[in-house]
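One letter stands for each residue in the lines below.
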Amino acid sequence: MRKKTIAILIILAGIAVLAYPRALAFYHQRQQAQIAAEWTAQLALLETEAKPGEGNGPIELDENVDGLLSIPAIDLEEPILRGITAANLNLSVAAMENMARVGEVGNYVVAGHRNHTFGRNFNRLAEIQTGDAIMVRTATDTFTYTVTEILYVDPGAVEF
């Protein structure tokens with residue numbers, strides 16, 4: 001009886017080890033979708049219901065979300081979180097603080113993982129080609145960028 005119990009526990013532990021990465025990826029995808037849906041719904045309220053002089057209270061967008069990043073060539077659409085922190089990068093892509101904001105003169109820096117351990121945000125980035133569009137939707141505008149050059153940078157090169 002004891003051997004049977006140990007065997008069942010070992011099998012269950014193996015199943016848990018194999019299922020954990022998929023469960024974690026599913027959890028992060030659900031969180032990303034929820035953040036994007038809430039942000040989009042808040043934006044829709046701003047555009048339709050919050051009209052000056054009609055007594056509507058102020059509707060504010062989530063201050064932790066810069067916008068939505070969309071790269072149609074690789075079927076990527078994710079919320080851009082503010083601040084490159086471990087928590088933000090484990091959840092989605094994140095914009096570097098103290099840099100130009102999207103649409104401003106200067107560099108707007110977005111970072112994200114591209115492995116299976118911490119999310120697959122940019123795991124298909126190598127498929128992008130010259131001429132592909134990269135779009136960032138903010139509360140006020142949609143900015144469309146076109147890939148004009150593809151450069152491969154050493155992972156240790158963090159200067160800009």
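Presented here is a report on the structure given in the accompanying data block. (Residues numbered from 1 in each chain as written. Predicted model: local features only at pLDDT ≥ 70, side-chain atom pairs only at ≥ 80, totals over all residues. Heavy atoms only, no water.)

Pairs can form between side chains of opposite charge whenever their charged atoms are close. One pass over the full model with this rule turns up 4 salt bridges. The salt bridge involving Asp66 is made with Arg82; its shortest N-O contact spans 2.3 Å. Of the two residues, Asp66 is situated in strand β1 (residues 65-71) and Arg82 in strand β2 (residues 76-82); the sequence distance between them amounts to 16 residues. For Asp66, a relative accessible area of 8% puts it in the buried group. Among the ionic pairs, Arg101 bridges to Asp66, the shortest N-O distance being 2.8 Å. Of this pair, Arg101 sits in the loop between β3 (93-95) and β4 (110-111) while Asp66 sits in strand β1, and the two are 35 residues apart along the sequence. On the accessibility criterion, Arg101 (35% relative accessible area) is partly exposed. Linked through salt bridges whose partners overlap, the residues forming this network are Asp66, Arg82 and Arg101. (Salt bridge = Lys/Arg side-chain N within 4 Å of Asp/Glu carboxyl O. Helix = DSSP H or I, 4+ residues; strand = E, 2+ residues; numbered from the N terminus. Buried < 20%, exposed > 50% of the residue type's maximum accessible area, 1.4 Å probe, protein only.)

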